[in-house]
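Analysis of the macromolecular model
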There are 4 protein chains.
Amino acid sequence: MKTTRFFGVAALALFAHQASANAVVVNQGISEQEVLAAQQGWCAALVNISNTHETSGQAAAKTLAENVIDAAYGYQMGAVLFKPTLTVNPQTVRATRQGALAYFVGGDTSFPQDTGFALRGWKQCEIVNAAIFIAGDSATTMGKVHFTNSAGEVTTVDKTWGFVKDDAGDLRIVLHHSSLEYTGS
Amino acid sequence: MKTTRFFGVAALALFAHQASANAVVVNQGISEQEVLAAQQGWCAALVNISNTHETSGQAAAKTLAENVIDAAYGYQMGAVLFKPTLTVNPQTVRATRQGALAYFVGGDTSFPQDTGFALRGWKQCEIVNAAIFIAGDSATTMGKVHFTNSAGEVTTVDKTWGFVKDDAGDLRIVLHHSSLEYTGS
Amino acid sequence: MKTTRFFGVAALALFAHQASANAVVVNQGISEQEVLAAQQGWCAALVNISNTHETSGQAAAKTLAENVIDAAYGYQMGAVLFKPTLTVNPQTVRATRQGALAYFVGGDTSFPQDTGFALRGWKQCEIVNAAIFIAGDSATTMGKVHFTNSAGEVTTVDKTWGFVKDDAGDLRIVLHHSSLEYTGS
Amino acid sequence: MKTTRFFGVAALALFAHQASANAVVVNQGISEQEVLAAQQGWCAALVNISNTHETSGQAAAKTLAENVIDAAYGYQMGAVLFKPTLTVNPQTVRATRQGALAYFVGGDTSFPQDTGFALRGWKQCEIVNAAIFIAGDSATTMGKVHFTNSAGEVTTVDKTWGFVKDDAGDLRIVLHHSSLEYTGS
């Protein structure tokens, strides 16, 4: 606060230490570490769905994907702004849970173009953030994500995620825009 | 994020460290330390106005008080919810800058009851927080503040402050409710 | 947005109407009406607890008070900054659910000074707001509340409430500072 | 608030009307109309830069683009998460004002791939929102934007915008992810 300029910050810090000695402190802010963990959780979940598909089939992968969506996205808040990498018009945006599930594991006749992005044998998912913006009660990230399949082929996307913290203190994805890299054609 | 439960947090932290190595990171969240410094700034400013009044008179105290209000409160946002300790009905709440200034240094015929709370010879201002709640982009504190005057007499109030961070990154008081202790009479 | 100054707002509004015709729109903002309804809900609940006490006794009043606290306050978020009107040092602030319940209905040996504020035969509870500040995801109000008991006696307090919207879309009190009016000693 | 269920909402609304009759009310929330106007402002600015380029040359277009960026984006907050449609690795993300300006009008040797997206003779810019999410102090939109050039050719992108309201009450873009449509390979 600008009033500190009149008095010196060091002296204030000394008093301040004392002032909160026995106070109850609740901090609902979002830390960078929480954001990074949420991102890694998404990557790990994707690889896990791929592996589950290989070992246990589509139905098992679908059940896992439902759990992941319910735990990691914010569809219960009314909508998620989700533009997956490979969707096509007029079903580009998947604002509903059903649309997200169809994208990840396919098998939904309402989304006939979806073959299941999470079923493509992903073995690795690496995130390289370009920028992270924490605004207090929300956080946004932008950067590259590199997906490696079982043949060692790498697919790179530009990915934006928006997170908010729910009442239970967990980050949830409320925004997700993913797109193949533009290569300058 | 709940997806972390599938994979273990330690492993995620390892990846996470890598993911933000070169990222631009902006964090507008409010830290506990910023809150405590803002509180101490308020106390220091009050004592400073009192001292300025003694050494240089009411006009100098008023000028200083204006600077403090403009630097520490959020009146430029449209209103501050300010219930000072000693105001009386029907001018209890001071939602405008003028009302706040009158309370602190008096001398305003529009607020005839105000004699200037900051002119009472305060030598010390001690904060004892009971609770601090940081909600991301706002912070609220509640506790006791003990004011000691030049005669060594102590006045204790129950004080609530609400702060937000402005575009410049400084905390500003947007809520201030102060009241004499209820003593059970 | 300032770019609108280059083109005229009326023209933009025309386009805008078209742009959201079929969009999913979720708005988690807090309206003034929601704030006023939450305040009135608090008043109505207080009178209801008083009436329940008279007709059905303290145990019934306590059960109702627990329901009200769980529905209207945010204790499940970690703490509520609650300074009730008539609490005394060192139990002035009631940051826990237990402390709030003791204040409203008494009967808790951990809070021996509490006789139950909600058991005082309140028949009417009238709110006169001085200021309301809605910051997007939180709202704060400041003003007078007049309590009338069965003898027609009126108690007036200065009251500040802070609300946030929970995941279910309901406002919850996370801040509550109440104090008897200062009458100029 | 859930306490309203005990008493009926209609009755509460009646009281509520009275409670705020003379209150100062400040509402910093973001309305859908503000979001739509900010989007239209962006479109109008793009066409304006294109037209300025044709009539007055690149230097004039650049000056206008600087004004637009300073008025409509939030670079002064530390960074903007901006992934333009046609940028290529390793300069995909334009977190700085300089990077945004280079993308829109080219002519910056630090960004040698940029030829100036806003200089492509755009005559029309149409937004079709799929979803809008207003979280109180921020708003996010996702949908299609169709750009039409002087030859009548249409380029369609998937576009996500994130806005916050600054201290002056204007919406600013703090997030912008644009990508060419995926057409099914």
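Residues numbered from 1 in each chain as written. Chains lettered and ligands numbered in written order. Predicted model: local features only at pLDDT ≥ 70, side-chain atom pairs only at ≥ 80, totals over all residues. Heavy atoms only, no water.

**Description of the overall build of chain A**
Quick reminder of the rule: Helix and strand assignments come from DSSP, with helices taken as H or I runs of at least 4 residues and strands as E runs of at least 2, each series counted from the N terminus. Exposure classes here rest on a 1.4 Å probe applied to the protein chains alone. A residue is buried below 20% of its type maximum, exposed above 50%, and partly exposed in between. Only heavy atoms enter the contact rule, under which two residues are in contact if any of them lie within 4.5 Å. Each accessible area is a Shrake-Rupley result for a 1.4 Å probe, and residues are judged covered by the shown protein chains and nothing else.
Looking only at helices and strands, chain A features four helices and six strands. Moving toward the C terminus, one meets the helices and strands of chain A in the order α-β-α-α-β-α-β-β-β-β. Across the 185 residues that make up chain A, the buried fraction comes to 58%. Sequence-distant contacts, at least 24 apart, represent 48% of the contacts inside chain A between residues at least 6 apart. Taken as a whole, chain A presents about 7,200 Å² of accessible surface, with 51% of it coming from carbon and sulfur.

**A word on the sheet that holds strand β3 (residues 122–134) of chain D**
Applicable threshold: Only strands that DSSP links by at least two bridges are regarded as paired with each other. Comment: axis = line fitted to C-alpha atoms, over the contacting stretch for helices; angle = value between 0 and 180 degrees taken between N-to-C directions.
Ordered in space as β1(C)-β3(D)-β4(D)-β5(D)-β6(D)-β2(D), the six strands form an open sheet in which the pairing is mixed. Of all the strands in the sheet, the pair left with one neighbour each is β1 (24–27) of chain C together with β2 (81–83) of chain D. Averaged over all pairs of adjacent strands, the angle between strand axes in this sheet comes to 30°, irrespective of strand direction. Across four bridges, β1(C) lies against β3(D) in parallel orientation. In the sheet register, C:Val24 faces β3(D), and the bridge partner there is D:Ala131. Each of β1 of chain C together with β3, β4 (138–149), β5 (154–165) and β6 (171–180) of chain D touches helix α2 (residues 32–56) of chain D; the most contacted strand, β3(D), lies at about 160° to it.

**Details of the state of the cysteines**
Residue and element names in this part refer to chain C. Selection criterion: Two cysteine sulfur atoms make up a disulfide if the distance between them is within 2.5 Å.
Evaluation of the coordinates by the stated rule reveals four disulfides over all chains. Two residues, Cys-43 and Cys-125, share a disulfide whose sulfurs are 1.8 Å apart. Every disulfide takes its handedness from the sign of the S-S torsion; for Cys-43 and Cys-125 that torsion is -55°, giving left-handed. Pair noted here: Cys-43 is in helix α2 (residues 32–56) and Cys-125 is in strand β3 (residues 122–134), with a separation of 82 residues, a long-range link. Each member of the pair, Cys-43 together with Cys-125, is buried.

**Here we look at the relation of the copies chain C and chain B**
Filter applied, for reference: Copy-to-copy superposition: least squares on the C-alpha atoms, limited to residues that have pLDDT of at least 70 in both copies.
The operation relating chain C to chain B is a screw motion whose rotation component is 180°, with 0.0 Å of axial translation and a residual RMSD of 0.0 Å. Overall, the copies show the geometry of a two-fold rotation axis. Measuring from the rotation axis to each C-alpha of chain C, the shortest distance belongs to C:Ser179, at 3.1 Å. A share of 100% of the interface residues of chain C reappears at the interface of chain B, consistent with the copies meeting face to face through the same patch.

**Things to note about the sheet that holds strand β4 (residues 138–149) of chain A**
Judged by pairing direction, the sheet is mixed, and its six strands sit side by side in the order β2(A)-β6(A)-β5(A)-β4(A)-β3(A)-β1(B) without closing on themselves. Each edge of the open sheet is held by one strand with a lone partner, namely β2 (81–83) of chain A together with β1 (24–27) of chain B. Taken over all neighbouring pairs, the strand axes of this sheet differ in orientation by 30° on average, direction set aside. In this structure, β2(A) lies alongside strand β6 (residues 171–180) of chain A, joined through three bridges in parallel fashion. Residue pairing in the sheet places A:Leu81 in a bridge with A:Leu175 of β6(A).

**Things to note about the environment of B:Ala135**
When you line up the elements, B:Ala135 lands in the loop between β3 (122–134) and β4 (138–149). In the structure, B:Ala135 is positioned 28 residues away from B:Phe163 in sequence and 10 Å away in space, judged by C-alpha atoms. Once residues within four sequence positions are removed from consideration, B:Ala135 is found in contact with A:Gln28 and A:Asp137.

**Some details on the packing of aromatic side chains**
Residues and elements named next belong to chain A. Cut-off, in case you're wondering: We call Phe, Tyr and Trp rings a pair once their centres come within 6.5 Å, taking the six-membered ring for Trp, and we label the pair stacked below 30 degrees between planes, edge-to-face above 60, and tilted otherwise.
As enumerated under the stated definition, the model contains 56 aromatic pairs over all chains in all. Relative to Phe-82, the ring of Tyr-73 has its centre 5.7 Å away and its plane inclined at 35°; by these criteria the two rings are tilted. Side by side, Tyr-73 and Phe-82 carry an identical accessibility label, which is buried. Each member of the aromatic cluster is reached from another via a ring pair, and the members are Trp-42, Tyr-73, Tyr-75, Phe-82, Tyr-103, Phe-104, Phe-117, Trp-122, Phe-147, Trp-161 and Phe-163.

**Re the pattern of salt bridges**
Our working rule: One side-chain nitrogen of Lys or Arg within 4 Å of one carboxyl oxygen of Asp or Glu is enough to make a salt bridge.
Applying the stated criterion across every chain yields a total of 32 salt bridges over all chains. Here B:Glu66 ties to B:Arg97 by a salt bridge, and the two come within 3.5 Å at their closest N and O atoms. Here B:Glu66 is found in helix α3 (residues 58–72), whereas its partner B:Arg97 is found in helix α4 (residues 97–105), with 31 residues between them in sequence. Look at B:Arg97 and you get partly exposed, because its relative accessible area is 30%. Several salt bridges share partner residues, and in doing so they unite A:Glu66, A:Asp70 and A:Arg97 into one network.

**Describing the interface of chain C and chain B**
Note the following rule: Buried area is calculated as the accessible area (1.4 Å probe) missing from two parts once they are joined, with the contributions of both summed. Here a polar contact is recorded for every N or O atom pair within 3.5 Å, except that within protein the pair must consist of a potential hydrogen donor and a potential acceptor, and residues adjacent in sequence are included only if both atoms are side-chain atoms.
Contact residues are listed per partner, giving 32 residues for chain C and 32 residues for chain B. Interface area, chain C with chain B, both sides summed: about 2,600 Å², of which 75% is carbon and sulfur. Contact with chain B buries area across many residues of chain C, yet C:Leu81, C:Met142 and C:Tyr182 alone supply 27% of it, more than any other trio. Taken together, chain C and chain B are joined by zero salt bridges. Where chain C packs against chain B, one counts six residue pairs in polar contact (both at pLDDT 80 or more). Elements represented by at least two residues in the side of chain C that touches chain B include exactly β2 (81–83), β3, β4 (138–149), β5 (154–165) and β6 (171–180) of chain C. Here the side of chain C that touches chain B takes five residues from β6(C), the largest share from any one element.

**Some thoughts on the pairing of β3(D)**
All names here are of chain D. Pairing between β3 and β4: eleven bridges, direction antiparallel. Each residue of the ladder has a partner; that of Asn-129, found in β4, is Gly-143. Hairpin connection from β3 to β4: three residues lie between these consecutive antiparallel strands, with Gly-136 at a positive phi of about 110°.

**Quick look at the packing of helix α2 (residues 32–56) of chain B against α3(B)**
Residue and element names in this part refer to chain B. As a reminder of what qualifies: Note on angle classes: values under 35 degrees are labelled roughly parallel, values over 145 roughly antiparallel, values of 65 to 115 roughly perpendicular, and the remainder oblique. It is the rotation of the near helix from the far one that decides the hand of a crossing: anticlockwise by less than a right angle makes it left-handed, clockwise makes it right-handed. Gly is put with the polar residues, along with every residue not named as nonpolar or charged; the nonpolar set is Ala, Val, Leu, Ile, Met, Phe, Trp, Tyr, Cys and Pro, and the charged set is Asp, Glu, Lys and Arg.
In the contact formed by α2 and α3, the axes pass within 7 Å of each other and the chain directions differ by 160°. In terms of orientation, α2 lies roughly antiparallel with respect to α3. The element α2 and its partner α3 pack so that their crossing is right-handed. In this structure, α2 uses Ala-45, Asn-48, Ile-49, Thr-52, His-53 and Ser-56 to contact α3, whose residues at the interface are Gln-58, Ala-60, Ala-61, Leu-64, Ala-65 and Val-68. Counted by class, the contact of α2 with α3 contains seven nonpolar, five polar and no charged residues.

**Describing the side chain of B:His176**
Summarising the element assignment, B:His176 is placed in strand β6 (residues 171–180). According to the relative accessible area criterion, B:His176 is buried, its value standing at 1%. Apart from residues no more than four positions distant in its own chain, B:His176 is found in contact with B:Trp42, B:Tyr73, B:Leu81, B:Phe82, B:Lys83, B:Lys159, B:Thr160, B:Trp161 and C:Met142.

**Notes on the packing of helix α3 (residues 58–72) of chain D against helix α4 (residues 97–105) of chain D**
All names here are of chain D. Where α3 contacts α4, the two axes come as close as 10 Å, and the packing angle between them is 135°. With respect to α4, the element α3 is oriented oblique. For the pair α3 and α4, the crossing hand works out as right-handed. Taking contact as the criterion, the partners of Gln-58, Ala-61, Lys-62, Ala-65, Glu-66, Ile-69 and Asp-70 in α3 are, on α4, Arg-97, Ala-100, Leu-101, Phe-104 and Val-105. A breakdown of the residues in the contact of α3 with α4 according to their chemical character gives seven nonpolar, one polar and four charged.

**Describing the confidence of the model for chain A**
Residue and element names in this part refer to chain A. This is how the line gets drawn: Within a predicted model, pLDDT stands for the predictor's per-residue confidence, ranging from 0 to 100.
Scored by pLDDT, chain A has a mean of 91; 88% of the residues are at 70 or more. When the criterion is pLDDT under 50, residues 1–14 qualifies, and its contacts beyond four places in sequence or with other chains add up to 30 contacts. Confidence estimates for the predicted assembly give a pTM of 0.91 and an ipTM of 0.90.

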